[in-house]
Amino acid sequence: MAQRRYGLVGCGSRARMYAGAMTGAHSDDARLVALGDTNPGRAEFHRAAAEAAGAHPVVFHPDDLERVVAEHGLDRVVVTSPDRTHADLVARSLLAGADVVVEKPLTTDADGARRIVEAVERTGRSVVMTFNYRYSPRNTALKRVIASGALGTVTSVHFEWVLDTAHGADYFRRWHRRKEDSGGLLVHKASHHFDLVNWWIDDEPRRVFASGGLRFYGPGNAAARGLGPRPARGTGGDPGDPFQLDLRGDELLQRLYLDNEQHDGYLRDQDVFSGEIDVEDNLSLVVDYAGGPSMSYSLNAHAPWEGYTVAVNGTAGRAELTVVERGAVAPGGGIDPSAVPEQRDARDARPVSERLLVQQHWGTAREVAIEQGAGGHGGGDQRLLRDVFTGPGDDPLGTAADYTDGVRAVAVGIAGNASLAGGRAVTVDELDLWGRG
Ligand SMILES: NC(=O)c1ccc[n+]([C@@H]2O[C@H](COP(=O)([O-])OP(=O)(O)OC[C@H]3O[C@@H](n4cnc5c(N)ncnc54)[C@H](O)[C@@H]3O)[C@@H](O)[C@H]2O)c1
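Residues numbered from 1 in each chain as written. Predicted model: local features only at pLDDT ≥ 70, side-chain atom pairs only at ≥ 80, totals over all residues.

1. Here's the deal with the overall build of the protein
Part 1: Tallying secondary structure elements over the protein gives 16 helices and 16 strands in all.
Part 2: Computed over the C-alpha atoms, the radius of gyration of the protein is 21 Å, within 12% of the 22 Å expected from 2.2 N^0.38 for a compact globule of 437 residues.
Part 3: Projected onto the principal axes, the alpha-carbon positions of the protein cover approximately 65 × 55 × 45 Å.
Part 4: For the protein, buried positions account for 46% of its 437 residues.
Part 5: Expressed as a percentage of contacts within the protein between residues at least 6 apart in sequence, the contacts between residues at least 24 apart total 75%. (Helix = DSSP H or I, 4+ residues; strand = E, 2+ residues; numbered from the N terminus. Rg over C-alpha atoms; globule rule 2.2 N^0.38 Å. Buried ≥ 20, exposed ≤ 12 C-beta atoms within 10 Å, placed from the backbone. Contact = placed C-beta atoms within 7 Å.)

2. Quick notes on the domain arrangement of the protein
Part 1: Per the domain assignment, the segments making up the protein are domain 1 (4-130), domain 2 (133-217 + 277-376 + 395-431) and domain 3 (230-264).
Part 2: Across the boundary between the two partners, domain 1 contributes 8 residues, which contact 6 residues of domain 3.
Part 3: A class-by-class count of the residues in the side of domain 1 that touches domain 3 yields 2 nonpolar, 5 polar and 1 charged. (Domains from an automatic or database assignment. Nonpolar A, V, L, I, M, F, W, Y, C, P; charged D, E, K, R; others polar.)

3. Considering the site of the ligand
Part 1: In the vicinity of the ligand lie 24 residues, with Gly10, Gly12, Arg14, Pro62 and Ser81 positioned nearest.
Part 2: Taken together, the residues of the shell around the ligand sort by class into 6 nonpolar, 12 polar and 6 charged. (Near = placed C-beta within 6 Å.)

4. Here we look at the packing of helix H6 (residues 137-147) against helix H10 (residues 190-201)
Part 1: H10 packs onto H6 with a crossing angle of 30 degrees between their chain directions and a minimal axis gap of 8 Å. Overall, the two elements H6 and H10 adopt an arrangement that is roughly parallel. Counting all contacts with H6, which are made through Asn139, Leu142, Lys143 and Ile146, the residues of H10 involved are Leu196, Trp199, Trp200 and Ile201.
Part 2: Here the residues of the contact of H6 with H10 sort into 6 nonpolar, 1 polar and 1 charged. (Axes fitted to C-alpha atoms, helices over the stretch in contact; angles between N-to-C directions. Parallel < 35°, antiparallel > 145°, perpendicular 65-115°, else oblique.)

5. Brief notes about unusual backbone geometry
For residues other than glycine, phi is negative in most cases, and the peptide bonds are mostly trans.
Part 1: For the peptide bond that leads from Lys104 to Pro105, omega is -10 degrees, which places it in the cis range.
Part 2: Mapped onto the elements, Pro105 comes out in the loop between strand E5 (99-103) and helix H5 (110-123).
Part 3: Its identity is not glycine, yet Asp202 carries a phi of approximately 50 degrees, on the positive side.
Part 4: Position of Asp202 relative to the elements: it lies in the loop between H10 and strand E8 (205-213).
Part 5: The exposure class of Asp202 is partly exposed, given the 13 C-beta atoms found within 10 Å.
Part 6: Despite not being glycine, Asp432 shows a phi value in the positive range, around 50 degrees.
Part 7: One can find Asp432 in the segment after helix H16 (428-431).

6. Considerations on the pairing of strand E2 (residues 30-36)
Part 1: Counting buried residues in E2 gives 6 out of 7 residues, a clear majority hidden from the surface.
Part 2: Two elements, strand E1 (residues 4-9) and E2, share 6 bridges in a ladder whose sense is parallel. Residue pairing across strands places Tyr6 opposite Leu32, the latter belonging to E2.
Part 3: Crossover E1 to E2 through helix H1 (residues 15-23) is right-handed.
Part 4: Bridge count between E2 and strand E3 (residues 58-60): 3 bridges; the pairing is parallel. Bridge assignment links Gly36 to a residue of E3, and that residue is Phe60.
Part 5: Where the polypeptide runs from E2 across helix H2 (residues 40-52) and back to E3, its parallel neighbour, the crossover connection is right-handed. (Pairing = 2+ DSSP bridges. Right-handed = clockwise from strand over helix to strand, strands pointing away.)

7. Description of the environment of Trp200
Part 1: Here Trp200 shows up in helix H10.
Part 2: Sequence separation between Trp200 and Val329 is 129 residues, and the spatial gap between their C-alpha atoms is 30 Å.
Part 3: Look past the residues within four positions of Trp200 in its chain and what remains in contact with it is Leu142, Lys143, Ile146 and Val312.

Here's what the structure looks like:
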């Protein structure tokens, strides 16, 4: 395959994986030609890293996206900017003549979905959604079990995800904490989970009822638990406070964020108990799917450990996937939020583990082996990057995703947000995400 010319917009933390692939393992497939960011300091951080790896991208302001696509003959644009900006950058890239690779979530609201659908339909261009959780070997193993027919017809799913007070808290420090910017955790975080369910059971959501609230982070909850006044940000604060993040404690956080605050005032370390937060930290949903199954789902963002449990019930049996990604949180430990926490802490009471059990009616439970590959996330990262930059090739499980999967994943979160606001069940049809009127 000929080498394609790439632009990347959104030069933050997540961009490193894509820029690193284009200047490293996938440099034969991809040439990194242009880097765009509203913050010139972060664009320069990535330009210098690319330069050190032998690439020579130009830096541009996202207002100039159309000009850069045309002048530099970009074949594709990788979008790794904050969620609220995805619809604009995706649609503009397509209309300017480039294909798109976009991080989850595809967008944060119904207008954004319609804008992207319209741009794809008008241009006939492609949008690759990078749903990396699909590539995790344990999630692929569950897909394989369901696709094999071992469970019969799927009738219901129970899915619980817990984020701990390191990773979960981090969604309350910056743009994720405002629904306008991220869609809240139902869109920003749970779109991963809702995509997994859509893919696992090969179905699409029809109706959502959601309930939830902000019950741990935020000023009211701090006061109710007797926490006194707190500094607005963690840097320079109390090193013994497990909720404060000091950006000086991590070279990457310092160079990407602290050193570039003067350009745009983006503070990466705001207090998780401060007033601006308007997203929920506890969420429960009931979702009905078009083919008949239903799902009970819950998300908690302040658990003492991190991981998930999924149970899939079918007419022939049941599968249960139980995962502990981190057994306990070390107080005061700064984290890289783009990394799924996997390290084992010395004080773990609960071992890092994964277990997939399948039990058919009248049979005993059997454990299904989860094959680990080499590299990050059991080899999942490499497979995702290969699919993105080289192409999926033979893909019997349909792991590679496009914008239609992106729309179906955010459908649950967008309907869930409407349900939270209105106190009633909301159908996906009401949202008119596909712009069919
Ligand atoms: N798949 C995953 O597991 C995963 C993990 C982390 C992040 N993400 C996604 O990646 C994206 C980026 O997340 P992040 O943690 O790197 O965020 P970040 O805040 O670290 O980086 C975003 C960058 O975009 C820039 N930016 C802001 N507005 C912009 C605009 N209008 N145009 C271009 N650039 C703009 C910011 O200055 C910043 O440099 C998000 O959509 C997030 O949901 C996905």
